[in-house]
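Results of the structural survey
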Amino acid sequence: TWLIGLPLAGAAAILFLPRQHPKLLRVTTMLVMLGTLVASIPLMRVDMGRGYHFNHDVVWIERFGIHYHVALDGISLWLVILTTFSVPIATFVSFGSVDKRIKDWCFALLLLEAGMIGAFVAMDLFLFYVFWELMLIPMYLMIGVWGGTNRIKAALKFFIYTMAGSLLMLAAILYLAYTYGRVSHGAASFDFFELQRLQLPRHVQIWLFFGFSISFFIKVPMWPVHTWLPDAHTEAPTAGSIILAAVMLKMGTYGYLRFCMGLFPEACGEYATLLGGVAVLGGILYGALCAWRQEDVKRLVAYSSVAHLGYVMLGLFAATPGSIEGSIIQMVNHGVSTGALFLLVGVIYDRRHTR
């Protein structure tokens, strides 16, 4: 809760600072982000084991069974650390190139960090959806306001793809909560652990599985819903590209692992072979071949992300303990290496004005 609250409080504080003092805005933003990074370091001292830690469960909207429920386990630990580590670096780099609407830029970055951390720790599906959508708005603005020549087209494409998937997931979440209320003869519930206990018929599980997984596949992105990514990366400012590659793409892989595999194990098993084939042909091979043919180095790195995340998804579809652990390691590896590549591309572009 502190890790979510610090950037949110920082974003609120930015609104009250004068627009005419960009140095104050930048220093405040960096201090809040570094404070969040320092606050996240003690998480690594906890022996995670198989359980959930730092559980914080408070009734939010009692009538609909919605709770503010956050917790951390070994899956989300390193993704939270990756977020608190990557965002300050991306922000610091951006201060050299972003020279207009500094106040709006700082506000968007802090709001984005809060949304990403929240999505990794939310254990209530409604809360997860709130954070999932909260991430969408700052990134849309970052591409659309501070992006390159074709920024409006790239921002709209990013928004439409992500929003279409989000609506399918929202429908699946509402159906799950409604079904829980009907089966238990009580109030609906959006709690992940409660919904895991539901015994759903095969055909219902398959429909709900696709409602969730399409949204996550768009975010990964997997073929054939990957076409928004190269445009978004190419037009986004350097900080946007770093955060998109380092953290936001992991929302898709994390969401599939946590919610699809956690709530619909039978459907995941049934379609694992088919989806594994898509990950190999449409992700690993197709992404690599597209990267090979690029002349714009930013698009090259973007298509290499499609290939790299194909390996991550293949590990999840294999669904063995070793493959899932490997997938989580590769999520973090990709965040560090590809985030660094976009940083280097941004540094070169700022000096040479060509990609």
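That block above? That's the structure.
A brief report on the enclosed structure follows. (Residues numbered from 1 in each chain as written. Predicted model: local features only at pLDDT ≥ 70, side-chain atom pairs only at ≥ 80, totals over all residues. Heavy atoms only, no water.)

1. Some details on the nonpolar core
The biggest cluster of nonpolar side chains holds 113 residues, and the ones touching the most others in it are L125, L176, F212, I243 and Y256. Beyond its immediate chain neighbours, meaning those up to four positions away, L176 contacts L125, L195, L198, L200, L208, F212, L263 and F264. (Core = buried A, V, L, I, M, F, W, Y, C linked by side-chain atoms within 4.5 Å. Buried < 20%, exposed > 50% of the residue type's maximum accessible area, 1.4 Å probe, protein only. Contact = heavy atoms within 4.5 Å.)

2. Quick word on unusual backbone geometry
Of the consecutive residues V220 and P221, the connecting peptide bond is found in the cis state with omega at -5°. Among the secondary structure elements, P221 is positioned in the loop between α8 (202-219) and α9 (228-235). A cis geometry characterises the amide bond from W223 onward to P224, with omega recorded as 5°. Tracing the sequence through the fold places P224 in the loop between α8 and α9. Here the phi dihedral of H353 falls at roughly 60°; this positive angle occurs in a residue that is not glycine. Looking at where H353 falls in the secondary structure, it is placed in the segment after α14 (321-352). Judged by its relative accessible area of 58%, H353 falls in the exposed class. (Helix = DSSP H or I, 4+ residues; strand = E, 2+ residues; numbered from the N terminus.)

3. Comments concerning the state of the cysteines
Considering all chains together, one arrives at zero disulfides under this definition. You can see C268 has no disulfide; the closest cysteine sulfur is in C260, sitting 5.5 Å from it. (Disulfide = S-S within 2.5 Å.)

4. Some details on the pattern of salt bridges
Per the counting criterion, the structure on display carries eight salt bridges. Across the salt bridge formed by R19 and D104, the nearest N and O atoms sit 3.3 Å from each other. With R19 in the loop between α1 (2-15) and α2 (22-40) and D104 in helix α4 (residues 102-121), this pair connects stretches of sequence that are 85 residues apart. Among the salt bridges present, the one from E270 reaches R202, with a minimum N-O distance of 2.4 Å. (Salt bridge = Lys/Arg side-chain N within 4 Å of Asp/Glu carboxyl O.)

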